[in-house]
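# Summary of the model geometry
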Amino acid sequence: MTDDPTAEPDLLGISLAHRAMLADTAHLAAVAADIACGRSACGPRRAAAVAGYLRDLCASVHHHHRIEDTVLWPVLAEAAGAAVDLRELSDDHAELDPLLAEVDTAAAGLVASGAAGAPALAEALRRLDDVLTEHIADEERTVFPAVRAHVHPDRWADVEAAARAGAKMRFELPRMAAVCTPEEWARATGGGGLPLRVMLAVFGVGHRRRRRAIAGG
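The rules we used
Residues numbered from 1 in each chain as written. Predicted model: local features only at pLDDT ≥ 70, side-chain atom pairs only at ≥ 80, totals over all residues. Heavy atoms only, no water. Helix = DSSP H or I, 4+ residues; strand = E, 2+ residues; numbered from the N terminus. Rg over C-alpha atoms; globule rule 2.2 N^0.38 Å. Contact = heavy atoms within 4.5 Å. Areas by Shrake-Rupley, 256 points an atom, 1.4 Å probe, with all protein chains shown as cover. Lys, Arg positive; Asp, Glu negative; His and termini not counted. Charge placed at Lys NZ, Arg CZ, Asp CG, Glu CD. Expected span 1.5 Å × (residues − 1). Axes fitted to C-alpha atoms, helices over the stretch in contact; angles between N-to-C directions. Parallel < 35°, antiparallel > 145°, perpendicular 65-115°, else oblique. Left-handed = near helix turned anticlockwise from the far one by under 90°. Nonpolar A, V, L, I, M, F, W, Y, C, P; charged D, E, K, R; others polar.

Where an unreviewed UniProt entry is consulted, the protein appears under the name Hemerythrin domain-containing protein, with the organism given as Nocardia thailandica.

Written out as structure tokens, the structure is:
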């Protein structure tokens, strides 16, 4: 329970989640484009690694948006009322759903067809990256100030707990660690202690192996 009336919610966790999404979509769009134009080869192992990572990424984005729609938006509506309008952001989530499905289908095509399936995947990821980049910028511009101004830190902790409860931490932790500064990571993991450091060490091994396979190594 937070007793300090001047305390604000710490939005580092959601900021890192957004940062990881954008880093992944941009990176994988570039990988698919390189394969599509023949700059790099794509054997079965690499195709499987790209498709497997994209399945986890699409599931992660779906989970993130579900928590926003079902947990964060109601908390914010209760706290801020008419001070914040979430309709466009909810519409964005509906627009992103078919894009995520298209990426998943195109990733399966890469596995089935090899490099021949890369152009469709590159185009789907390019469009996903464009829409997600704009959506996240709009969300951080609209939602973050409203959360800081109206949501009590304890209620924000409830939102973060709901997000963690359904997350695949084996996937999420290494990605978030990869996009933050040492100071941010110390802040983000300050309450986790040794168990969190052990999880990151263990999960990081598999994450780095996946990234090497995606790179064609």
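So that's the structure; there's more coming.
Bringing the overall build of the protein into the picture now. Helix and strand counts for the protein come out as eight helices and zero strands. Reading the protein from its N end, one meets helices and strands in the order α-α-α-α-α-α-α-α. Computed over the C-alpha atoms, the radius of gyration of the protein is 18 Å, within 12% of the 17 Å expected from 2.2 N^0.38 for a compact globule of 217 residues. Principal axes of the C-alpha set define a box for the protein whose edges measure 60 × 40 × 25 Å. The long-range fraction of contacts in the protein, counting pairs at least 24 apart against all pairs at least 6 apart in sequence, stands at 85%. Of the roughly 10800 Å² of accessible surface on the protein, a fraction of 57% belongs to carbon and sulfur atoms. Of the side chains in the protein, 23 bear a positive and 31 a negative charge, and the two mean positions are spaced by 12 Å.

Turning our attention to helix α5 (residues 153-165). Taking 1.5 Å per residue, 13 residues should reach 18 Å; α5 reaches 18 Å between its end C-alpha atoms and fits that length. Here the buried face of α5 lies against α1 (12-36), α2 (44-80) and α4 (118-150).

Another aspect to go through is the packing of α2 against α4. Between two packed helices, the angle of one axis relative to the other and the distance separating the axes together describe the packing. Relative to each other, α2 and α4 sit at 25°, their axes nearing to 12 Å. The angle between α2 and α4 falls in the class roughly parallel. As for how α2 packs across α4, the hand of that crossing is left-handed. Where α2 approaches α4, its residues Val 50, Leu 54, His 64, His 65, Glu 68, Leu 72, Trp 73, Leu 76, Ala 79 and Ala 80 are matched on the opposing element by Leu 121, Leu 125, Leu 132, His 135, Glu 139, Val 143, Ala 146, Val 147 and His 150. Among the residues making up the contact of α2 with α4, the classes are represented as 13 nonpolar, four polar and two charged.

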